[in-house]
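Observations on chain architecture
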Amino acid sequence: MLMDITFVLAVALAAAFIVVVLALVVIIIYQRWRIGDQNVFIERFIHQNEEQRQKLRKAGIF
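Attention here is on the structure that accompanies the text. All residue numbers refer to positions counted from 1 along the written sequence of the respective chain. Reporting of local features is limited, given that this is a predicted model, to residues whose pLDDT is at least 70; pairs of side-chain atoms are given and counted only at 80 or more, and all residues count toward the totals for whole chains, interfaces and linings. The side-chain figures draw on all heavy atoms in the structure; neither hydrogens nor water molecules are used.

Attention now moves to the overall build of the chain. To qualify as a helix, a DSSP run of H or I must reach at least 4 residues; to qualify as a strand, a run of E must reach at least 2; elements of each kind are numbered from the N terminus. Scanning the chain from N- to C-terminus turns up one helix and zero strands. Computation of the radius of gyration draws on C-alpha atoms, with the globule rule given as 2.2 Å multiplied by the number of residues to the power 0.38. By the compact-globule yardstick of 11 Å for 62 residues, the chain is too spread out, its C-alpha radius of gyration being 27 Å. Along the first, second and third principal axes, the C-alpha set of the chain runs to 90 × 10 × 5 Å. Relative accessibility under 20% of the residue-type maximum defines a buried residue, over 50% an exposed one, and the middle range a partly exposed one, all with a 1.4 Å probe and only protein chains included. Split into buried and exposed, the 62 residues of the chain put 0% on the buried side. On the chain, roughly 6100 Å² of surface is accessible, and the fraction owed to carbon and sulfur atoms is 72%. When charges are counted, Lys and Arg contribute as positive and Asp and Glu as negative, whereas His and the chain ends are disregarded. Lys charges are placed at NZ, Arg charges at CZ, Asp charges at CG and Glu charges at CD. Charged side chains of the chain number 7 positive and 5 negative; the gap between the two group centres comes to 14 Å. Per-residue accessibility takes into account occlusion by the displayed protein chains alone, with areas from the Shrake-Rupley method and a 1.4 Å probe.

Okay, structure coming up:
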């Protein structure tokens, strides 16, 4: 009886640990995807800024 309870607890703890690790992996993958997505917008913003700066230089304003 005691061995059965110990076995059940060990299996439950192992399953909980696996679920937590998988959740962390999913969170890390999701955050990396979001950061990569944000980097695209930042890159586009920087590129547009540089184009505007070049236009201002050609116009003699900057």
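Moving on, there is more to tell.
Our focus in this paragraph is a nonpolar patch on the surface. On the surface, Phe17, Ile18, Val21, Leu22, Val25 and Ile29 cluster together into a nonpolar patch covering about 570 Å² of accessible area. The residue isoleucine 18 is located in helix H1 (residues 2–59) in this model. Within the patch definition used here, like charges are joined within 9 Å and nonpolar side chains (Val, Leu, Ile, Met, Phe, Trp, Tyr) within 5 Å, considering only residues with over 30% relative accessible area and no salt bridge. Salt bridges are identified by distance alone: a Lys or Arg side-chain nitrogen within 4 Å of an Asp or Glu carboxyl oxygen.

This paragraph deals with the packing of aromatic side chains. Any two of the Phe, Tyr and Trp rings considered here, Trp counted by its six-membered ring, make a pair once their centres fall within 6.5 Å; the pair's planes then place it as stacked at under 30 degrees, edge-to-face at over 60, or tilted in between. Considering all chains together, one arrives at one aromatic pair under this definition. Where tyrosine 30 meets tryptophan 33, the ring centres are 5.8 Å apart and the plane angle is 35°; that geometry is what we call tilted. On the criterion of helical spacing, the pair formed by tyrosine 30 and tryptophan 33 is a turn pair, its members being three residues apart in helix H1.

The first and last C-alpha atoms of H1 sit 85 Å apart over 58 residues, in line with the 86 Å expected at 1.5 Å per residue. Just downstream of H1, glycine 60 is the residue with a positive phi angle, here 80°. Between the first and last residue of a helix there are one fewer steps than residues, each counted as 1.5 Å, and that sum is the expected span.

Relative to the helices and strands, asparagine 39 resides in helix H1. Measuring from C-alpha to C-alpha, the distance between asparagine 39 and isoleucine 61 comes to 30 Å, with 22 residues separating the pair along the chain.

With respect to the helices and strands, the residue alanine 14 is situated in helix H1. Residue alanine 14 is classed as partly exposed on the basis of its relative accessible area of 37%. Between the alpha carbons of alanine 14 and tyrosine 30 there is a distance of 24 Å; along the sequence they are 16 residues apart.

The values are spatial; any link to function lies outside them.
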